[in-house]
Amino acid sequence: MEDQKRRMLSGVQPSGDLHLGNYLGAIKNWADRAEEFDCYYFMADMHTITVRQTPADLRRRTLEQLAQYIACGLDPEKNTLFIQSHVHQHAELGWVLGCYTMFGELSRMTQFKDKSAKHKENINGGLFTYPSLMAADILLYQPDLVPVGEDQKQHVELTRNIVQRFNGIYGDVFKMPEPFIPKAGARIMGLTTPESKMSKSVPEGCVFLMEKPEDIARKFKRAVTDSDTENPVRYDPAHKPGVANLMNIYAAVTGKTFDEIEAEFAGQGYGKFKPAVGDAVVETLRPIREEAARILADKAYLESVYKAGAEKAGYAAEKTLRKVYKKIGFVAR
Ligand code: TYM
């Protein structure tokens, strides 16, 4: 019975092309869960407009992202895949939860601080209250687990605070969600800037899922390492952040441990190590890229997936929203 399964939910903003950080930190850990969990994954388009977007690009990337989700192994027959803005309950619960989220809490969010520093000319209200909408995204579906990369943990923790506050007043309305952070791949750093997380804003250090194999290989060959020649391939994030990042990526795509990786490259330099990591990534992404291109060509299929997804998600979301509206004293419609 579907209702007895535990639930999982997560989303990615279609604000840029999906990259290796999104894949290893999040999406890779969503696939193959559908037997055990009732899974909901969405394109967080409402979140993207906290930063200015070009409308045609946003529309295109949202559909590309859906094709890439499916190509990453999320079978739409077994997972509910939908577009956030198609399920109006997100905006509605987002408003309610904004009234149960404190100014001080929102002010402490790292993503808000980063983005407001980057976009000084557009520090809008949505950017600030974004975590209440994210809490609504999560809580509408009453999930047990929220699989995200390390950088989203703070938002899930805030969601947990909101649950505690809300349930403390109104009784058991929301289930307490747990973040699920993968062991390998939770924080992939930029290949050219290993001190900051991989992000589309530094494209030369960012590997995109749809990128050509030769471009991916070139980016890995140019990855920043260090001048250690004695025992180069060893895991020491404090002193060798570039190498630690490459080992982390290699571990995440091959399933090997750091000890195994050190043994494999013992006595070898970066000239061998960097292309080997590049090759492993190319081979992991190749089938995804080919499958995504094939799926993207079938617009009618994609439309049928997101329409069915929105219907199913809307049903689950409405159940929670009704309960919330009743608890807080809104007259039933
Ligand atoms: P977003 O769109 O920035 O990133 C999507 C997912 O990718 C992970 N991620 C990374 N993981 C490892 N290394 C990296 N360099 C890296 N960069 C990104 C993120 O941790 C995330 O899991 N607010 C969210 C989207 C969202 C959401 C939600 C997620 C909206 N509502 C509800 C879960 C549940 C965001 O901006 O992620």
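For the structure, check the block above.
About the cut-offs
Residues numbered from 1 in each chain as written. Predicted model: local features only at pLDDT ≥ 70, side-chain atom pairs only at ≥ 80, totals over all residues. Heavy atoms only, no water. Helix = DSSP H or I, 4+ residues; strand = E, 2+ residues; numbered from the N terminus. Rg over C-alpha atoms; globule rule 2.2 N^0.38 Å. Areas by Shrake-Rupley, 256 points an atom, 1.4 Å probe, with all protein chains shown as cover. Lys, Arg positive; Asp, Glu negative; His and termini not counted. Charge placed at Lys NZ, Arg CZ, Asp CG, Glu CD. Buried < 20%, exposed > 50% of the residue type's maximum accessible area, 1.4 Å probe, protein only. Pairing = 2+ DSSP bridges. Right-handed = clockwise from strand over helix to strand, strands pointing away. Salt bridge = Lys/Arg side-chain N within 4 Å of Asp/Glu carboxyl O. Contact = heavy atoms within 4.5 Å. Near = heavy atom within 4 Å. Polar contact = N/O pair within 3.5 Å; in protein donor to acceptor, adjacent residues only side chain to side chain. Nonpolar A, V, L, I, M, F, W, Y, C, P; charged D, E, K, R; others polar. Axes fitted to C-alpha atoms, helices over the stretch in contact; angles between N-to-C directions. Parallel < 35°, antiparallel > 145°, perpendicular 65-115°, else oblique. Left-handed = near helix turned anticlockwise from the far one by under 90°. Core = buried A, V, L, I, M, F, W, Y, C linked by side-chain atoms within 4.5 Å. Expected span 1.5 Å × (residues − 1).

Colleague: Explanation requested: the overall build of the protein in the structure shown.
Modeller: Along the backbone of the protein there are 13 helices and five strands. Computed over the C-alpha atoms, the radius of gyration of the protein is 21 Å, within 12% of the 20 Å expected from 2.2 N^0.38 for a compact globule of 333 residues. Judged by the C-alpha coordinates and their principal axes, the protein covers about 70 × 45 × 40 Å. Carbon and sulfur atoms make up 52% of the accessible area of the protein, which amounts to about 15,900 Å² in all. On the protein, the mean spot of the 45 positive side-chain charges and the mean spot of the 44 negative ones are 4 Å from each other.

Colleague: Can you help me understand the pairing of strand 1 (residues 6–12) in this one?
Modeller: For a regular strand, side chains alternate in direction, first toward one face of the sheet and then toward the other. Counting buried positions along strand 1 gives five out of seven residues, so the element sits mostly inside the fold. Where strand 1 meets strand 2 (residues 37–43), seven bridges bridge the pair, whose relative direction is parallel. Considered in strand 2, the bridge of S10 is made with Y41. A crossover connection joins strand 1 to the parallel strand 2 through helix 1 (residues 20–25); in handedness this β-α-β unit is right-handed.

Colleague: What is the right way to look at the side chain of K274 in this model?
Modeller: The residue K274 is located in helix 12 (residues 270–296) in this model. The buried charged residue K274 lacks any salt bridge partner; its closest oppositely charged side chain belongs to D226, at an N-O distance of 9.3 Å. If near-sequence neighbours (up to four positions away) are discounted, K274 is found in contact with F220, K221, R222, A223, T225 and L246.

Colleague: It is not clear to me how the site of the ligand should be interpreted in this structure. Could you clarify?
Modeller: As a structural note, the neighbourhood of the ligand is formed by 29 residues, with Q13, Y130, D137, D151 and I188 the closest of them. With respect to the ligand, the side chain of Q13 contributes an N or O atom lying 2.8 Å from an oxygen atom. A distance of 2.8 Å separates a nitrogen atom of the ligand from a polar backbone atom of I188. Taken by itself the ligand offers 710 Å² of open surface, and the protein chains cover 95% of this. At the level of secondary structure, the elements contributing two or more residues to the shell around the ligand comprise strand 1, helix 1 and helix 7 (125–139). Counted by class, the shell around the ligand contains 13 nonpolar, twelve polar and four charged residues.

Colleague: Just checking my understanding: could you explain the packing of helix 9 (residues 213–221) against helix 12 for this structure?
Modeller: The relative placement of two packed helices comes down to the angle between their axes together with the axis-to-axis distance. The N-to-C vectors of helix 9 and helix 12 enclose an angle of 150°; their axes lie 9 Å apart at closest approach. The pairing of helix 9 with helix 12 is recorded here as roughly antiparallel in orientation. Helix 12 is crossed by helix 9, and the crossing has right-handed handedness. Counting all contacts with helix 9, which are made through P213, I216, A217, F220 and K221, the residues of helix 12 involved are K274, P275, V277, G278, V281, V282, L285, R286 and R289. Here the residues of the contact of helix 9 with helix 12 sort into nine nonpolar, one polar and four charged.

Colleague: Mind showing me how you'd approach the nonpolar core here?
Modeller: Across soluble globular proteins, nonpolar side chains have a tendency to be buried as a group. Counting residues in hydrophobic clusters, the biggest one holds 58 residues, and the most contacted among them are F220, F273 and V281. Among the elements that take part in this core, helix 12 stands out by supplying ten residues, more than any other. Ignoring anything within four residues of it in the chain, the contact list for F220 reads L20, L191, V207, L246, I249, K274, V277, G278 and V281. Core analysis: the second largest hydrophobic core is formed by 39 residues, L93, L106, V148 and A317 among them.

Colleague: Honestly, the side chain of Q65 in this entry has me stumped. Any pointers?
Modeller: Position of Q65 relative to the elements: it lies in helix 3 (residues 55–71). Sequence-distant contacts of Q65, defined by excluding residues within four places in its chain, comprise V12, Q13, P14, L18, F42 and M43.

Colleague: How should the pattern of salt bridges be read in this particular structure?
Modeller: Pairing between side chains becomes possible if they bear opposite charge and their charged atoms approach one another. Within the structure shown, the criterion is met by 21 salt bridges. Linking D38 and R7 is a salt bridge whose minimum nitrogen-to-oxygen distance equals 3.1 Å. On the criterion of sequence distance, the pair formed by D38 in strand 2 and R7 in strand 1 is long-range, its members being 31 residues apart. Across this residue pair, the class does not change: D38 and R7 are buried. Among the ionic contacts, a cluster of salt bridges with common partners joins D226, D228, R234, D236 and K240.

Colleague: Honestly, the pairing of strand 3 (residues 79–83) in this entry has me stumped. Any pointers?
Modeller: Burial of strand 3 is extensive: five of the five residues sit out of reach of the surface. Burial along strand 3 is two-sided: N79, L81 and I83 and T80 and F82, pointing in opposite directions, are all buried. By the bridge criterion, five bridges tie strand 2 to strand 3 in an arrangement that is parallel. By the bridge assignment for strand 3, F42 is matched with F82.

Colleague: Which parts of the structure should I look at to understand helix 13 (residues 299–328)?
Modeller: Given 3.6 residues to a turn, an α-helix orients residues that are three or four positions apart in the same direction. Spanning 30 residues, helix 13 covers 41 Å between terminal C-alpha atoms, matching the ideal 44 Å at 1.5 Å per step. Immediately downstream of helix 13, the backbone of G329 shows phi near 100°, a positive value.

Colleague: Quick question: what am I supposed to make of unusual backbone geometry here?
Modeller: As a rule of thumb, non-glycine residues mostly have phi less than zero, and peptide bonds are mostly trans rather than cis. Its identity is not glycine, yet D32 carries a phi of approximately 60°, on the positive side. Position of D32 relative to the elements: it lies in the loop between helix 1 and strand 2. A residue is classified by how much of its surface remains accessible, and D32, at 76% relative accessible area, is exposed. The backbone of Q142 sits at a positive phi, close to 50°, despite the residue not being glycine. Take Q142: it is sitting in the loop between helix 7 and strand 4 (145–147). Residue classification places Q142 among the buried residues on the basis of a relative accessible area of 17%.

In short, shape yes, function no, at least from these values alone.
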